[in-house]
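So you can see what is in the structure, the chains are spelled out below.
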Amino acid sequence: MTTTILQVYYLPIHVFFKQCTVPTMFTTLPLIRDICIREQIDILHGHGAFSPLCHEAILHARAIGIRAVFTDHSLFGFADYSSINSNKFLEFVLTDIDHVICVSYTSKENTVLRAKLVPAIVSVIPNAVDTSCFTPDVSKKRQGRVTVVVISRLVYRKGMDLLAGIIPIICHHHKHVDFLIGGDGNYRVLIEQVREQHQLMERVILLGGLDHSQVRDVLIQGDIFLNTSLTEAFCIAIVEAASCGLQIISTKVGGVPEVLPSDMIRLADPDVSSLVDVLDEAIQQLRGGHQIDVWEQHHRVTQMYNWYTIADRTEKVYNTVVRSQDRSFAEKINKHYKRGPVAGLVYVLLLTLLHLVQMIVTWLRPAKFIDIVPHTSTRDDHMIQQ
């Protein structure tokens, strides 16, 4: 039973922007420490380079001697103010990390450079899809029409400027093509303006934000899935679309070329003319009678991306981490100090303060006063007896 395996804790921490908590570094230590001791945690696994709670949990886990793994899902730059700050903090957090997982080789290169990591402790494990939730259904397609599906956040990073330039050109070239767009964001206004300006109200349908349970119902109405992202570490959306039997067209950015074999995806440069050319070619082939064997494609995606394989590979990372020798506090100090003449001193100061706070919290609330949650197998046996 899931309830005996998965434990969910709701922390009394204020959310201030896009489900992110206020970064405090020290104030979450008592909560994270209590949870780790109560649940007898061996490895703490955090996700997301822009998640303050993730970074704080990793720092606290390492401070109390628990091993830590980090997964990075995104690509970031090096020159802008936001990237410089986030990369420096990422470097600080990952200096004492035990292992890092990235979703593509492009993402690995990016993370290794940003956090100045040794490549040997970074593994590439892609995302996975429950393909049983993304099965094809050709009966839902619109007969006599070609439907281009876009499911994405309508923001700059997802290439909405490109999409706004593509729509009127494709609709002018092909009178039998419609666009079905799912998602929301600050660029929705731009897409609406393009639709009204070119009188495409009946051919460009904006569905707004979608629950994940609704995605498959939208995908199976389409023939082509279009991804216009300007940067992408992996793009799980194209895997879901391929599983539903759609022809995939995407910008050739980031880790996208690694996701699907060349016969399942058409790649274009991230500009309007290149995307229009690739879309034109795909539409003409569909109109000429070239059809994808949707079930064969679905089965291929199932073999490439399934959670059993991903879980097995992740478990191997956990076993490697547990078997490795942990660092002493002196080794941690030395490793942080080597990060640079200025940054190294700052990192050492922060690390020392963190361990000092940890010692104070341990003195105020010793581990012996924290109730230990019974082991899962013990709880299962108790439920069977009842």
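Heads up: the structure comes first, above all this text.
Scope of this entry: the structure provided in the associated data block. (Residues numbered from 1 in each chain as written. Predicted model: local features only at pLDDT ≥ 70, side-chain atom pairs only at ≥ 80, totals over all residues. Heavy atoms only, no water.)

### Observations concerning the sheet that holds strand β4 (residues 67-72)
Within a beta sheet, neighbouring strands are joined by backbone hydrogen bonds and run either parallel or antiparallel to one another. Rules: Whether two strands pair comes down to DSSP finding at least two bridges between them. To qualify as a helix, a DSSP run of H or I must reach at least 4 residues; to qualify as a strand, a run of E must reach at least 2; elements of each kind are numbered from the N terminus. Every axis in this analysis is a line fitted to C-alpha atoms, fitted for helices over the stretch in contact. Angles between the N-to-C directions lie between 0 and 180 degrees. What makes two residues a contact is simply this: any of their non-hydrogen atoms within 4.5 Å.
With parallel pairing, four strands are arranged side by side in an open sheet as β3-β4-β5-β6. Across the chains shown, the open sheet's two edge strands, defined by having one partner strand only, are β3 (43-47) and β6 (122-124). If you compare each strand with its neighbour and ignore which way they point, the axes differ by 20° on average. Sheet analysis places strand β5 (residues 99-102) next to β6, joined by three bridges and oriented parallel. Considered in β6, the bridge of I101 is made with S123. The strands that helix α2 (residues 52-63) touches are β3 and β4; relative to β4, the one it contacts most, it runs at about 160°.

### Description of the layout of surface pockets
Here is the rule we go by: A pocket, in this scheme, is an open set of points on a 1 Å grid over the protein atoms alone with protein on both sides within 12 Å along at least 5 of 7 lines, while a cavity is a set where a 1.4 Å probe fits but cannot get out; residues line either one if an atom lies within 4 Å of a point. Grid points are joined across faces, edges and corners, and a volume is the space filled by probe spheres set on the points.
Looking at the second largest pocket, its volume works out to about 1200 Å³. Around the second largest pocket, the lining comprises 33 residues; the ones closest to its centre are L6, Q7, Y9, I35 and I41. Secondary structure elements with two or more residues in the lining of the second largest pocket: α1 (29-38), β3, α2 and α15 (376-385). Of the residues forming the lining of the second largest pocket, the biggest block, five residues, is contributed by β3.

### Examining empty space enclosed by the protein
Counting across every chain of the model gives two cavities of 30 Å³ or more. For the largest cavity, the calculated volume is near 60 Å³. Every residue lining the largest cavity is listed: I58, L59, R62, A63, F92, V93, D96, H336, L351, L354 and H355. Looking at the lining of the largest cavity, the elements with two or more residues in it are α2, α3 (81-94) and α14 (343-364). Per-element tally for the lining of the largest cavity: the top contributor is α2, with four residues.

### A short note on the environment of C133
For the record, the criterion: Exposure categories follow from relative accessible area, calculated using a 1.4 Å probe and restricted to protein chains: below 20% of the type maximum is buried, above 50% is exposed, and the middle band is partly exposed.
Secondary-structure assignment places C133 in the loop between β6 and β7 (146-151). For C133, a relative accessible area of 44% puts it in the partly exposed group. Taking the C-alpha atoms as reference points, C133 and V69, 64 residues apart in sequence, are found 29 Å from one another.

### Quick look at the packing of aromatic side chains
For clarity, the threshold we go by: Two rings from Phe, Tyr or Trp (for Trp, the six-membered ring) form a pair when their centres are within 6.5 Å of each other. A pair whose planes differ by under 30 degrees is stacked, one over 60 is edge-to-face, and the rest are tilted.
If you walk through the whole model with that rule in mind, you get five aromatic pairs. Considering the side-chain rings of F92 and Y347, the 5.3 Å spacing of their centres and the 35° angle between planes classify their relative orientation as tilted. Of this pair, F92 sits in helix α3 while Y347 is found in helix α14, placing the two residues 255 residues apart along the sequence. The residues F92 and Y347 share a single accessibility class, namely buried. The interplanar angle of 85° and the centroid separation of 5.6 Å between the aromatic rings of F234 and Y305 together place this pair among those described as edge-to-face. Here Y305 lies in the loop between α11 (294-304) and α12 (307-323) and F234 lies in the loop between β10 (224-227) and α8 (236-243), a separation of 71 residues in the sequence. Neither F234 nor Y305 differs from the other in exposure class; each is buried.

### Focus: the nonpolar core
Put simply, the rule reads: The term nonpolar core refers to a set of buried residues drawn from Ala, Val, Leu, Ile, Met, Phe, Trp, Tyr and Cys, joined through side-chain atoms within 4.5 Å.
Grouped together as the largest cluster of nonpolar side chains are 32 residues, with contacts concentrated most on L163, I167, F179, I181, I224, L226 and L279. Counting residues per element, the ones that place at least two in this core are β7, α5 (160-173), β8 (177-182), α6 (188-197), β9 (204-208), β10 and α10 (272-287). Considering every element that reaches this core, the biggest residue donor is α5, with eight residues. Those residues within four positions of I224 in sequence are excluded, and the remaining contacts are V146, T147, V148, V149, L246, Q247, I249, L279, A282, I283 and L286. Formed by 31 residues, the second largest nonpolar core is a distinct cluster that contains V218, I220, A242 and V253.

Functional significance is not addressed by these values, which are geometric in nature.
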